[in-house]
Amino acid sequence: MNIIRELTYASLKSRYRNTWGGFLWVHFNPIITYAVHCFIFSKILRLNIPNISLFMLGGVLPWTFFSISIEMAPAALVSSRDLIRSFSVSPLTIITSLVIENFINFLISFSILSVIIFFINGFPLKGFIYLPFAMLTFFLFTLFTCISVSILNVFYRDVRFITSFVLSIMFFLTPILYPEKFIPLEYKWITIFNPIYKVILPLRSCIYEFNAPINFINSGLAIIVVSFTLLISITIWKKFKNELIQKL
């Protein structure tokens, strides 16, 4: 844990060194992206989504954290080969540090926007008690996915291109910019078999139109998805760990 903490701190510190905006730069992108989406879908497209600011908060920001982490993961081990070889740092430590760094940035942006929305529009807080568990579930899903992607990219360098392509498609297939009810019945399978949506949904439901029984079901489905993702990452790690350092 000490190594993970030190790597995360060092990465946060070095990323924004010699920039006048410093640590604030990382929060401008998700916050501005969030604001632009809210404006377009409420003022230009005029979608009938009640309290769209909360709806987008539970979709756009989590997706930003997930997509940034997945985009960074394929190159993480390759770019850290000297650190792994020279100091015997575990590849899993490198990936965990990367995801934690992005998660911290996500939490800060999420907290800033939550406070702003609360004081401007207000919203019920009863679902927030379940929010830490939903956040943890989403974090673990992202971590396990990043582990799988980063290890596979060491052996198959096309993985980073495939990952980017899949993310661009999933952005539109995942109901983060529009409600699930907008999807025609014949295309409901898109959400049923969409693992990203399964882990985002409990997080969104904690802050938007919270319903305890439905949230319980959504959380259970998210746990199943995370468990399956963990199983995949463990399988990939066991298969490639003995050859990983040589391939870097």
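Note that the structure is predicted; figures quoted are calculated from it, not measured.

1. Things to note about the environment of N48
- With respect to the helices and strands, N48 occurs in the loop between α2 (25–44) and α3 (52–57).
- N48 gets classed as exposed once you look at its relative accessible area, which sits at 64%.
- Sequence spacing of N48 and P62 is 14 residues, and the spatial spacing of their C-alpha atoms is 22 Å.

2. Let's talk about the packing of aromatic side chains
- Tallying each qualifying case throughout the model produces 16 aromatic pairs.
- Centroid distance W63 to F171: 5.8 Å. Interplanar angle 55°. Geometry classified as tilted. Of the two residues, W63 is situated in helix α4 (residues 60–79) and F171 in helix α8 (residues 159–173); the sequence distance between them amounts to 108 residues.
- The interplanar angle of 25° and the centroid separation of 5.3 Å between the aromatic rings of Y130 and F210 together place this pair among those described as stacked. A residue pair is termed long-range when its members are at least 10 positions apart, and Y130 in the loop between α6 (91–120) and α7 (131–155) and F210 in the loop between α10 (195–207) and α11 (212–247) qualify at 80 residues.
- Owing to a relative accessible area of 17%, F210 belongs among the buried residues under this scheme.
- Grouped by ring-pair contacts, the aromatic residues W63, F65, F66, F103, F106, F110, F138, F139, F141, F171 and F172 constitute a single cluster.

3. Description of the environment of F210
- For the pair F210 and L125, spaced 85 residues apart in sequence, the C-alpha separation works out to 9.2 Å.
- Once you skip the residues sitting within four places of it in the chain, F210 turns out to touch K126, G127, Y130, S205 and N215.

4. A closer look at α10
- Residue L201 marks the point of greatest curvature in α10, where the axis turns by about 30°; the proline P202 follows within four residues.
- The buried fraction of α10 is high, at 12 of 13 residues.
- Listed as buried for α10 are I196, Y197, K198, V199, I200, L201, P202, L203, R204, S205, C206 and I207.
- Structurally, the start of α10 carries an N-cap: the backbone nitrogen of I196 is 3.1 Å from a side-chain oxygen of N194.
- Positioned one or two residues after α10, E209 has a phi angle of 50°, which is positive.

5. Structural notes on the layout of surface pockets
- For the largest pocket, the calculated volume is near 470 Å³.
- F66, F141, T145, S148 and V149 are, among the 20 residues lining the largest pocket, the residues nearest its centre.
- Elements with a contribution of two residues or more to the lining of the largest pocket: α4, α7, α8, α10 and α11.
- With 6 residues, the top contributor of residues to the lining of the largest pocket is α8.
- Of the residues assigned to the lining of the largest pocket, the class counts are 16 nonpolar, 4 polar and no charged.
- Put simply, the second largest pocket is a space of about 350 Å³.
- Lining of the second largest pocket is provided by 17 residues; of these, F55, L201, R204, Y208 and E209 occupy positions nearest its centre.

6. Observations regarding the nonpolar core
- In terms of nonpolar packing, the biggest core is built from 63 residues, with Y34, M56, L57, W63, L77 and F110 touching the most fellow members.
- Elements that contribute at least two residues to this core include exactly α2, α3, α4, α6, α7, α8, α10 and α11.
- The leading source of residues in this core is α7, at 13 residues.

7. Some words on the packing of α6 against α7
- With their axes 10 Å apart at the nearest point, α6 and α7 run at an angle of 140° to one another. The hand of the α6/α7 crossing is right-handed. Taking contact as the criterion, the partners of L92, I95, T96, V99, I100, F103, F106, L107 and F110 in α6 are, on α7, L131, M135, F139, T142, L143, C146, I147 and S150.
- Class assignment for the residues of the contact of α6 with α7 results in 14 nonpolar, 3 polar and no charged.

About the thresholds
Residues numbered from 1 in each chain as written. Predicted model: local features only at pLDDT ≥ 70, side-chain atom pairs only at ≥ 80, totals over all residues. Heavy atoms only, no water. Helix = DSSP H or I, 4+ residues; strand = E, 2+ residues; numbered from the N terminus. Buried < 20%, exposed > 50% of the residue type's maximum accessible area, 1.4 Å probe, protein only. Phe/Tyr/Trp six-rings, centres within 6.5 Å; stacked < 30°, edge-to-face > 60°. Contact = heavy atoms within 4.5 Å. Bend = angle between axes of the 7 residues up to and from the residue. Polar contact = N/O pair within 3.5 Å; in protein donor to acceptor, adjacent residues only side chain to side chain. 1 Å grid on protein atoms, 1.4 Å probe; cavity = no way out; pocket = protein on both sides within 12 Å on 5 of 7 lines; lining within 4 Å. Points joined across faces, edges and corners; volume = space filled by probe spheres on them. Nonpolar A, V, L, I, M, F, W, Y, C, P; charged D, E, K, R; others polar. Core = buried A, V, L, I, M, F, W, Y, C linked by side-chain atoms within 4.5 Å. Axes fitted to C-alpha atoms, helices over the stretch in contact; angles between N-to-C directions. Left-handed = near helix turned anticlockwise from the far one by under 90°.

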